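# Structure assessment
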Amino acid sequence: MKEYAFDEIERRQQERWEKAGLFLADDHDDTRPRYYALEMFPYPSGRIHMGHVRNYSIGDVIARYMRMKGFNVLHPMGWDAFGMPAENAAIKHGTHPAKWTYENIEYMRKELKRMGLSYDWKREFATCDPEYYRWEQLFFIEMYEKGLVYRKKSKVNWCETCQTVLANEQVEDGRCWRCKDEVMERELEGWFFRITAYADELLEGSYRLKGWPEKVLTMQRNWIGKSVGAEIDFPLKGHQGNIKVFTTRPDTLFGVTFLSLSPEHPLALELSKGTGQERAIQEFVEQWNRIPATERRMQREKKGVFTGAYVVHPLTGEAIPVFLANFVLMEYGTGAVMAVPAHDQRDFEFARQYGLPIKLVIRPRDKELQAEDMDAAWEGPGVLVNSGQFDGLDSVVAKEAITDELKRLGRGSPKITYRLRDWGISRQRYWGAPIPMIHCPRCGVVAVPRNALPVRLPLDAHLDKRGRSPLPSLEEFYSTKCPKCDGPARRETDTMDTFVESSWYFARFTCANDISSPLDKELAASWLPVDQYVGGIEHAILHLLYARFFTKVLRDLGYLTVDEPFSNLLTQGMVLKDGAKMSKSKGNVVDPDLMIRKYGADTVRLFILFAAPPERDLEWSDRGLEGAYRFLLRVWRLVQGHISYLREAKTDVGALEAASAASSVLRGLRQKTHQTIEKVTGDIGERFHFNTAISAVMELVNQLSDVLNNLGGVEKDITAGIDPWPVIREAVEAVILLLSPMVPHITEELWAELGHDTFICRENWPVADPQIARADTIKLAVQVNGKLRGQIEVACDASEQTVKERAIKEPNVARFVQGKTVKKVIYVPNRLVNLVVR
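It should be emphasised that the depicted structure is a prediction, and the values quoted were computed from it without experimental measurement. (Residues numbered from 1 in each chain as written. Predicted model: local features only at pLDDT ≥ 70, side-chain atom pairs only at ≥ 80, totals over all residues. Heavy atoms only, no water.)

### So, the overall build of the chain
Check the secondary structure of the chain and you find 28 helices and 32 strands. Seen through its principal axes, the chain has C-alpha atoms that stretch 115 × 85 × 50 Å. Here the chain, with 838 residues, has 56% of them falling under the buried criterion. Residue pairs in contact within the chain that sit at least 24 positions apart in sequence constitute 72% of those at least 6 positions apart. Per element, the accessible surface of the chain, about 37,400 Å² overall, is 48% carbon and sulfur. Both charge centroids of the chain, one from 112 positive and one from 115 negative side chains, sit 2 Å from each other. (Helix = DSSP H or I, 4+ residues; strand = E, 2+ residues; numbered from the N terminus. Buried < 20%, exposed > 50% of the residue type's maximum accessible area, 1.4 Å probe, protein only. Contact = heavy atoms within 4.5 Å. Areas by Shrake-Rupley, 256 points an atom, 1.4 Å probe, with all protein chains shown as cover. Lys, Arg positive; Asp, Glu negative; His and termini not counted. Charge placed at Lys NZ, Arg CZ, Asp CG, Glu CD.)

See below:
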């Protein structure tokens, strides 16, 4: 018997696949339906980790399965190569980011190929290639011309450790998403993408993404944060002007007893002049400014101070005091909030703390409320009271009625606001795509001419140890001429956020080798949107939202025809060890290379796919890995131990039917084979439950082994005149075909051993015969008072009465029932019978 030499087998099969070009997508084949499978491309850190192995194994199963289902599959791979990690690593190791990145790509490409992943490597690119980012620079210029890019001075999130600006989406709980250090606030000039122009479309489109996890969509909807309400003017008492507030609850307007302003509000200091509150306000604002910007969102204790100023209620004319409050942020709404303590819990707590009035204006329909008796705000719906002409109105109806009245009086209007802010893409780092803009003293900001693209990142730049960009001081880079007046000018020295590169790479894969344009509109239309995208849920807001935005922009610029980038999204869980995410600092990292050398790529793939459903976290287990290896070894020996009989076996329908008709054992095996095909097809093709698919194949292997053992291993059943090998071969081929997307090397080898001269990955996926798969009988558990006491086998179409009678007569059950009265028989169809006895 041949030994299972997995290293030799895997390398041989990989060479065969590459030589035959098996995984190259065909742009010109219109005879087969197209399918685009894609995993989030990796950052070239230098080594793949188990998270990569899981992500890419999942995607590879999907791609291989769809090829066997007859699809023309695009399954590409590339490298998300710009960004701070490469720059920081290069500084640490005393080398250049470009050298570090391209060396890592070389190494990681070998690792991915060693896993047997079925990629179309002809489409490979790295986003740090000038041939890639030149098109990104073109998009930037075209977006600028359309008003979708602008430059402004603003308060930004600054990471001192990374020496760069971060977008709001890149700040997690007040810390940098990369280095996890605290983020500060700075005022800088930078470039922004006007993502807010697409806020409504991004929100509305999310409800059409039926193939996305609801959790991801909810996160995006919350981040966009659409609020429908009214903008209301509160005139300043004794001063010119007014304070604008936005509220989603205009129905509570008559309950306003004070206004709350952010300490950053433009009027914060002005309002206190001449009131005697100047010193208190000045100290409050100074105290606020000392709080890091990211911590301001997390203020627990509500603090405030009276400004000494009042506004006039727009409908009642009452004087309303104005406070500064530490829970009002300038970045949300107008930086001013109308406070309604009776109907907002935060305002209620503030009013109680500072002795401010609480006025009830909405009474619930099912109970009486009095303001003086309230121990919490009533935030629900009800009927308006203490609201003048609007008394008695339903609160929902009152929202529109009060807004209409404000509009009539010229004191307010309907308003929609969004939490989403424009995407700041300027980064003060070196290793990124240069922004293609020029600053001219005479002409202002001017775009680089299209024929001068790409603006190349100089590769001879020297990086200091703090990570400060060398570009602002590199004269050969920044010194240039103005394209308009030909006078001396300065090139933009900020680079683009690395998330810009990953916002359109999936589209470039459809025409990766086109040097004449960024996208071939016809080819892109034939492949996009991506049919199945696989990656981590940590990208729910950053990458996935940006990719949706960029797709809509490229559509509007005339490059794409689709509205969304990804039809279906699978977010896989993490790989854990000892209950924690693998990390060097925890000392719990498992090296994929080591595992592959020890057990083979197929074993690692099998364990990763079998240990947990893809959307759940997976706990690493050395014993589980060894179990996966033993299973593959068992399959190998099962085939190799009977290879001569299997090769000779007839596979025509007549031989199969004759064998199964003459033997109940073979009939059972054939039934199990077709049931397994049904099960695995559903688990892979519909649910991505690879773990249960593998489990089903294991059950078939168990039954197959039992049949072979009963036959004495290799003898034909001559005495009964039955040739069992057609049925056994059918089962063996089913095992090999069904496992092939998950463990492609061993199955390719065994397929050839059976005498096939075709690649298994070009075979058609097996199809179950429903008549053969349908069971004649079913096994039911029998319980007595809820405890398992036996099992019965009955016909599938047996009546309920027959099932109950059989259950009572089951020998072991009868022993427990003897001498007792059966009070009730509960039958759960297709599952169990429970006898209630006393």
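Text resumes after the structure shown.
### Observations concerning the packing of helix H6 (residues 199-206) against helix H7 (residues 214-224)
H7 packs onto H6 with a crossing angle of 155 degrees between their chain directions and a minimal axis gap of 10 Å. Taken as axis vectors, H6 and H7 run roughly antiparallel relative to one another. Crossing hand, H6 versus H7: left-handed. Counting all contacts with H6, which are made through Ala199, Leu202, Leu203 and Ser206, the residues of H7 involved are Leu217, Arg221 and Ile224. Tallied by class, residues from the contact of H6 with H7 come to five nonpolar, one polar and one charged. (Axes fitted to C-alpha atoms, helices over the stretch in contact; angles between N-to-C directions. Parallel < 35°, antiparallel > 145°, perpendicular 65-115°, else oblique. Left-handed = near helix turned anticlockwise from the far one by under 90°. Nonpolar A, V, L, I, M, F, W, Y, C, P; charged D, E, K, R; others polar.)

### Side note on the domain arrangement of the chain
Per the domain assignment, the segments of the chain are domain 1 (26-127 + 500-593), domain 2 (136-194 + 422-496), domain 3 (227-417), domain 4 (641-773) and domain 5 (777-837). One C-alpha centre belongs to domain 1, the other to domain 5, and the line joining them spans 54 Å. (Domains from an automatic or database assignment.)

### Re the packing of helix H18 (residues 601-610) against helix H19 (residues 622-640)
Here H18 crosses H19 at 120 degrees, and the two axes come no closer than 8 Å. With respect to H19, the element H18 is oriented oblique. Every pair of crossing elements has a handedness; the one defined by H18 and H19 is right-handed. Between H18 and H19, the residues in contact are Asp602, Thr603, Val604, Leu606 and Phe607 and Gly624, Leu625, Ala628, Tyr629, Phe631 and Leu632, respectively. The class makeup of the residues in the contact of H18 with H19 is eight nonpolar, two polar and one charged.

### A closer look at the side chain of Ser57
Position of Ser57 relative to the elements: it lies in helix H2 (residues 50-68). Of note is the side chain of Ser57, whose polar atom sits 2.6 Å from the backbone oxygen of Val53. When residues no more than four places from it in sequence are discounted, the contact partners of Ser57 are Met115, Leu117, Arg605 and Leu609. (Polar contact = N/O pair within 3.5 Å; in protein donor to acceptor, adjacent residues only side chain to side chain.)

### What to know about the sheet that holds strand E29 (residues 777-784)
An order of E30-E29-E32-E31 is seen for the four strands of this open sheet, with the pairing classed as mixed. Each edge of the open sheet carries a strand with a single partner, namely strand E30 (787-795) and strand E31 (822-828). Each strand of the sheet is rotated relative to its neighbour by a mean of 20 degrees, with strand direction disregarded. Relative to E30, E29 runs antiparallel, the two being bridged by eight bridges. Each bridged residue has a counterpart across the sheet, and for Leu780 the counterpart in E30 is Ile792. The strands touched by helix H27 (residues 800-809) are E29, E30, E31 and strand E32 (832-837); relative to E30, the strand with the most contacts, the crossing angle is about 130 degrees. (Pairing = 2+ DSSP bridges.)

### Considerations on the environment of Val837
Note that Val837 resides in strand E32. Sequence separation between Val837 and Gln818 is 19 residues; the distance between their C-alpha atoms is 9.9 Å. Beyond its immediate stretch of four places on either side in the chain, Val837 contacts Val784, Asn785, Val817, Lys820, Thr821, Val822 and Lys823.

### Considering the pairing of strand E9 (residues 242-247)
Across six bridges, strand E8 (residues 227-235) lies against E9 in antiparallel orientation. Pairing of Ile232 across the sheet is with Val245, part of E9. Counted along the chain from E8 to the antiparallel partner E9, the turn is six residues long, and its residue Gly238 has a positive phi close to 80 degrees.

### Concerning the pairing of strand E10 (residues 258-261)
Burial of E10 is two-sided: the residues Phe258 and Ser260 facing one way and the residues Leu259 and Leu261 facing the other way are all buried. With four bridges joining them, E10 and strand E13 (residues 336-339) adopt antiparallel strand pairing. When the sheet's bridge partners are listed, Leu259 is paired in E13 with Met338.

### Brief notes about the state of the cysteines
Evaluated as defined, the whole model comprises zero disulfides. You can see Cys159 has no disulfide; the closest cysteine sulfur is in Cys179, sitting 3.5 Å from it. A residue is classified by how much of its surface remains accessible, and Cys159, at 0% relative accessible area, is buried. (Disulfide = S-S within 2.5 Å.)

### Examining the pattern of salt bridges
Once their charged atoms are close, side chains differing in charge can pair, the charge on each being opposite to the other. Within this structure, the stated rule accounts for 49 salt bridges. As a salt-bridge pair, Arg114 and Glu10 come within 2.8 Å of each other at their nearest N and O atoms. Here Arg114, found in helix H4 (residues 97-114), pairs with Glu10, found in helix H1 (residues 6-20); they are 104 residues apart in sequence, far enough to count as distant. Residue Arg114 is classed as buried on the basis of its relative accessible area of 11%. A salt bridge links Lys226 to Asp200; the nearest nitrogen and oxygen atoms lie 3.2 Å apart. Placement of Lys226 in the loop between H7 and E8 and of Asp200 in helix H6 is noted, with a sequence separation of 26 residues between them. On the accessibility criterion, Lys226 (35% relative accessible area) is partly exposed. Given the relative accessible area of 30%, Asp200 is considered partly exposed. Via salt bridges that share partners, Glu201, Arg548, Lys552, Arg555, Asp556, Asp563 and Glu564 belong to a single interconnected network. (Salt bridge = Lys/Arg side-chain N within 4 Å of Asp/Glu carboxyl O.)

### Focus on the packing of aromatic side chains
On inspection of all chains with the given rule, the structure shows 48 aromatic pairs. For the pair Phe41 and Tyr505, a centre-to-centre distance of 3.6 Å together with 5 degrees between the ring planes defines the contact as stacked. Taken together, the positions of Phe41 in the loop between strand E1 (34-39) and H2 and Tyr505 in helix H14 (residues 505-508) put the pair 464 residues apart, joining distant regions of the chain. Both rings, one in Phe549 and one in Phe550, keep their centres 6.2 Å apart while their planes meet at 80 degrees; by these two values the pair is edge-to-face. For the pair formed by Phe549 and Phe550, the shared burial category is buried. Over the aromatic face of Phe192 sits the side chain of Lys152, whose NZ or CZ is 5.0 Å from the ring centroid. (Phe/Tyr/Trp six-rings, centres within 6.5 Å; stacked < 30°, edge-to-face > 60°. Lys NZ or Arg CZ within 6 Å of the ring centre and 35° of its normal.)

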